[in-house]
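# Results of the structural survey
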Amino acid sequence: MNMSELAQAFDLKASQPLAGLSWLRTGGNADWFFQPKDAEHLADFLKACPDDVPLFPMGVGSNTIFRDGGVEGVVIRLGRAFMGLDFLDDGRVHVGAAMLDAMLARKAADEGIDLTFLRTIPGAIGGAIAMNAGCYGAYIADITEEIHILTRDGERQTLQGSDVQFDYRFTHLPQGCVILGAILKGSKADPAALHAQMEDALAKREASQPTKERSCGSTFRNPIGHSSTGAEGEDHSLKAWKVIDDAGLRGTTIGGAQMSEMHPNFLINMGDATSYDLEALGEHVRATVLEKSGIDLTWEIKRIGRFAKDQSPKWTIL
């Protein structure tokens, strides 16, 4: 099928604005936008979609900068049909990729299942799996029994968590696949104690992070060594926010973008930032930290798409 035929067959939307879908509220349009009705609808689309058409699966846009010139190919947004949740036995849950991390943590706590570390992680389970999200020394790798995917050609596969290589903020999955969901396992605990633990974590986050600002959370990965899962033997001595702060970059602005005064590893849209402002500020931070400390920070936020025609980035695109 060509794109016109594909659009008609699967109700793709042309030139779909993406700014409203990003937590940073910036960015251009998707060339094509697809919200599958269910997994079968998505599988049929993938089977029909030409291999040379770029695809970008997204959840809630909590970790992405969509560049101002728009996104080539098809942006696939997983919606309510991919938010399923079933409680199995022995602390195991079958959860859809679009389920919010925080919602899963709350619902699991109601059932006496400890997935509390997910409560303060922005975004949805699919993204959490793709980037091995974690906090407080716990990572999605620690609790993943199975990952359910559609391959780029629309075939269903079940990956065993023990066979998947999890790294710090990255999970090695088949190229071009779309995560449908997973089976996760938490330990059993008292529901009231779990909810109290989450309230305490939320209070600590509120006191140290700009939670009411337009932000994607941490901008850069911590520049430290990790084990294959990122959960064992972690060295807490070096943090991205600290090397940014030591470089004198707390509160630094470019256009409408700022490295937060409250937490300098949070890149925020002060109200009128463009995606270019945000990315340019991030790259300024990387260059300054490298010059002053020799540390090469790695982006945690994805940056995808094209620059606008009047934008000429002065940095190397990673």
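Refer to the preceding data block for the structure.
Residues numbered from 1 in each chain as written. Predicted model: local features only at pLDDT ≥ 70, side-chain atom pairs only at ≥ 80, totals over all residues. Heavy atoms only, no water.

## Points about the pairing of strand β12 (residues 156-160)
Two elements, strand β11 (residues 144-150) and β12, share five bridges in a ladder whose sense is antiparallel. Note on β12: the bridge partner recorded for Leu150 is Arg156. Hairpin remark: β11 followed by β12, antiparallel, with five residues in the connecting loop; positive phi at Gly154, about 85 degrees. (Pairing = 2+ DSSP bridges. Helix = DSSP H or I, 4+ residues; strand = E, 2+ residues; numbered from the N terminus.)

## Observations concerning the sheet that holds strand β5 (residues 71-77)
One open sheet accounts for four strands, arranged β1-β2-β5-β3; its pairing is mixed. Among the strands making up the open sheet, the edge pair consists of β1 (13-17) and β3 (55-58). Sheet twist, expressed as the average angle between the axes of neighbouring strands with direction ignored, equals 45 degrees. Bridge count for β3 against β5 is four bridges, and the pairing is parallel. (Axes fitted to C-alpha atoms, helices over the stretch in contact; angles between N-to-C directions.)

## What about the nonpolar core?
If you look at the biggest cluster of nonpolar residues, it comprises 54 residues, and the most contacted ones within it are Leu12, Leu42, Phe45, Leu104, Leu118 and Leu184. Contact partners of Leu42, with chain neighbours within four places excluded, come to Phe34, Pro36, Ile76, Leu78, Phe82, Leu150, Val178 and Leu180. One finds Ile65, Val243, Ala257 and Val289 within the second-largest nonpolar core, a separate group that totals 21 residues. (Core = buried A, V, L, I, M, F, W, Y, C linked by side-chain atoms within 4.5 Å. Buried < 20%, exposed > 50% of the residue type's maximum accessible area, 1.4 Å probe, protein only. Contact = heavy atoms within 4.5 Å.)

## As for the state of the cysteines
Enumeration over the complete set of coordinates arrives at zero disulfides. Cys49 carries a free sulfur, and the closest cysteine sulfur to it, the one in Cys177, is 15 Å from it. By relative accessible area, Cys49 is classed as buried at 3%. Among the cysteines around Cys135, which has no disulfide bond, Cys216 carries the closest sulfur, lying 17 Å off. (Disulfide = S-S within 2.5 Å.)

## Observations regarding the pattern of salt bridges
The full count for this structure, using the stated rule, is 14 salt bridges. The shortest N-O distance in the salt bridge between Glu145 and Arg92 comes to 2.9 Å. With a gap of 53 residues between them, Glu145 in strand β11 and Arg92 in strand β7 (residues 92-96) connect regions that are remote in the sequence. (Salt bridge = Lys/Arg side-chain N within 4 Å of Asp/Glu carboxyl O.)

## Side note on the environment of Gly20
Secondary-structure assignment places Gly20 in the loop between β1 and β2 (29-34). In this structure the C-alpha to C-alpha distance between Gly20 and Gly61, which are 41 residues apart in sequence, comes to 9.2 Å.

## Describing the packing of aromatic side chains
If you walk through the whole model with that rule in mind, you get eight aromatic pairs. Note on Phe10 and Phe45: the rings are 5.6 Å apart at their centroids and 85 degrees apart in plane angle, and the pair reads as edge-to-face. With a gap of 35 residues between them, Phe10 in helix α1 (residues 3-10) and Phe45 in helix α2 (residues 39-48) connect regions that are remote in the sequence. A relative accessible area of 10% means that Phe10 is categorised as buried. For Phe45, a relative accessible area of 0% translates into the label buried. (Phe/Tyr/Trp six-rings, centres within 6.5 Å; stacked < 30°, edge-to-face > 60°.)

## A look at the side chain of Arg286
Examined against the element boundaries, Arg286 turns out to sit in helix α7 (residues 275-293). Residue classification places Arg286 among the buried positions, given a relative accessible area of 11%. At 2.7 Å, the side chain of Arg286 forms a polar contact with the backbone oxygen of Leu297. (Polar contact = N/O pair within 3.5 Å; in protein donor to acceptor, adjacent residues only side chain to side chain.)

## What to know about the environment of Cys135
Within the fold, Cys135 resides in strand β9 (residues 134-135). Using a relative accessible area of 18% as the deciding quantity, one classes Cys135 as buried. The spatial distance from the C-alpha of Cys135 to the C-alpha of Trp299 is 17 Å, given a sequence separation of 164 residues. Beyond its immediate chain neighbours, meaning those up to four positions away, Cys135 contacts Phe117, Thr120 and Ile121.

So far we have only geometry, and geometry alone does not tell us how the molecule works.
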